[in-house]
Amino acid sequence: MAIAPGRRSDGAGASARRIGELARTAERIQQHHRAKFVLPLTAAGAAVVGMAAGTLLGWQAGTVAALAVLAYGVHRIYRRARNSWTTGAAGEEATARLLRPLARRGYAVLHDRSIPGSRANIDHLVAGPFGVALVDSKNWQSKKSTLTITGGLLRYGRYDQTKALETVVWEAQQAARALGVPVRPILAVHGAKVPAPRGRTELHGVTVIEAKKLRGMLEGLTPQPGWDAAQVTAVEQLIEQRLPPA
C-alpha cells in the first residue's frame, strides 16, 4: 500500500534536553558557590604539600605536587554529575535517527509531544499502514546493569520497571483518546539487551524491543484496512492539533 513520501521527522528529545540544561546550569551555580569556600582551602593544602615535597625532592617536584593537588581539588568541585534528563534526551535523539527512514518513506513520525492536562510527554508517535504506535525511548547504557525478565517482571539492574511499562500504556491510552484511533505502546531500549528471542517481548501490554530492531518491527506489522496515505495525513494533522510539541 503506497503512502505519501517525504514527511518530516524532527524535535526528538527537545523537552528533556531543555530540562537537562536547566539542571546543569543550577549545578554549575552550586559549584561556583562551593568553590568560594573550598578553593582557598585547597590552595593552602597544595602549598603545604608543595613545600614538603620541595624540601625532600627539590623545587621542581614541589611545584608538580602542588599543582597536582590543586588540579585534583578543582576537578572534585567542578566534576559533572550524571544528568538523567540529558541521558534520556540522547536516547530519544538516537531513536529519532533510527525512525528517520520511515519518515522519508511517507510514515508520519513525530517527536516530543505533550499530553494536554498533564506534565507528561510522548517521546515518539509513528503512523503508517499498520496504524499508530507510541514509542518510549530508554537509554539504558550502564555496563554494571543488565535487563532481566523474571515471572513477567522487567528489571534494569535491581530496579523494577513495572511503573515505566504502566506509564507507556497510560500515554498510549491518552494518545488514543486524543486521536480517536488505537495506539500501540512500545518501549525501545538502547544499550541493554532485551533477554528474549529476536530482542523483543510483550510485557503488561507493551512491546519491549531493542531499539536497533524497532524500524524493522514497524515495517513488518500487518497493514490495517483504510490506513492509506490520506489516513496517515489525517492522523498526522490530528497529532499536530491535539498533541502539540512539548
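Residues numbered from 1 in each chain as written. Predicted model: local features only at pLDDT ≥ 70, side-chain atom pairs only at ≥ 80, totals over all residues. Heavy atoms only, no water.

Novice: Describe in detail the pairing of strand E3 (residues 131-140), supporting the description with residues and values.
Specialist: Among the 10 residues that make up E3, nine are buried, leaving the element largely enclosed by the rest of the structure. Summarising the sheet, strand E2 (residues 121-128) and E3 pair through five bridges and their orientation is antiparallel. Residue pairing across strands places His124 opposite Val135, the latter belonging to E3. Between E2 and E3, which follow one another and run antiparallel, lie two residues. Note: E3 against strand E7 (residues 183-191), nine bridges, orientation parallel. Pairing of Ser137 across the sheet is with Ala188, part of E7. (Buried < 20%, exposed > 50% of the residue type's maximum accessible area, 1.4 Å probe, protein only. Helix = DSSP H or I, 4+ residues; strand = E, 2+ residues; numbered from the N terminus. Pairing = 2+ DSSP bridges.)

Novice: Describe in detail the nonpolar core, supporting the description with residues and values.
Specialist: Among the nonpolar cores identified, the biggest contains 33 residues, and Leu125 and Val132 are the most heavily contacted of them. Every element with two or more residues in this core is listed here: strand E1 (108-114), E2, E3, strand E5 (153-156), helix H4 (162-179), E7, strand E9 (206-210) and helix H6 (229-242). With six residues, the single largest contributor to this core is H4. For Val132, the contacting residues outside a window of four places in its chain are Leu125, Val126, Ala127, Leu179, Val181, Pro182, Val183, Arg184, Trp227 and Val235. With 17 residues, the next largest nonpolar core counts Leu102, Val135, Leu214 and Met217 among its residues. (Core = buried A, V, L, I, M, F, W, Y, C linked by side-chain atoms within 4.5 Å. Contact = heavy atoms within 4.5 Å.)

Novice: If you had to explain unusual backbone geometry to someone new, which residues and values would you point to?
Specialist: Residues other than glycine predominantly adopt negative phi, and peptide bonds predominantly adopt the trans conformation. Backbone geometry places Asp112, a non-glycine residue, at a positive phi of 55°. Of note, Asp112 is situated in strand E1. Its relative accessible area of 2% is what places Asp112 among the buried residues.

Novice: So what's going on with the confidence of the model for the chain? Residues and values would help.
Specialist: Residues at a pLDDT of 70 or more form 81% of the chain, whose mean pLDDT is 85. Note on residues 1-6: pLDDT is under 50 here. Beyond four places in sequence and across chains, it has 20 contacts. (pLDDT = per-residue confidence, 0-100.)

Novice: An account of the sheet that holds strand E6 (residues 159-160) is needed here, citing residue identities and associated values.
Specialist: The sheet built from three strands is open, its strands ordered E4-E5-E6 with antiparallel pairing. With one partner strand each, in any of the chains shown, strand E4 (147-150) and E6 form the two edges of the open sheet. Pairing analysis gives two bridges linking E5 to E6, with the strands arranged antiparallel. Residue pairing across strands places Arg155 opposite Asp160, the latter belonging to E6.

Novice: I'd like a description of the pairing of E1, backed by residues and values.
Specialist: Of all seven residues that make up E1, seven are buried, and the element is covered over most of its length. Here E1 hands over to E2 after six residues, with Gly117 in that stretch at a positive phi of 80°.

Novice: Tell me about the pattern of salt bridges, and please be specific about residues and values.
Specialist: By the definition in use, this model includes five salt bridges. The salt bridge partner of Glu202 is Arg184, with a shortest N-O separation of 3.9 Å. Here the residue Glu202 occupies a position in strand E8 (residues 200-203), and Arg184 occupies one in strand E7, the gap between them amounting to 18 residues. A relative accessible area of 30% places Arg184 in the partly exposed class. A salt bridge links Glu210 to Lys213; the nearest nitrogen and oxygen atoms lie 3.7 Å apart. Classification of Glu210 as buried rests on a relative accessible area of 7%. Overall, Lys213 belongs to the partly exposed group, its relative accessible area being 32%. (Salt bridge = Lys/Arg side-chain N within 4 Å of Asp/Glu carboxyl O.)

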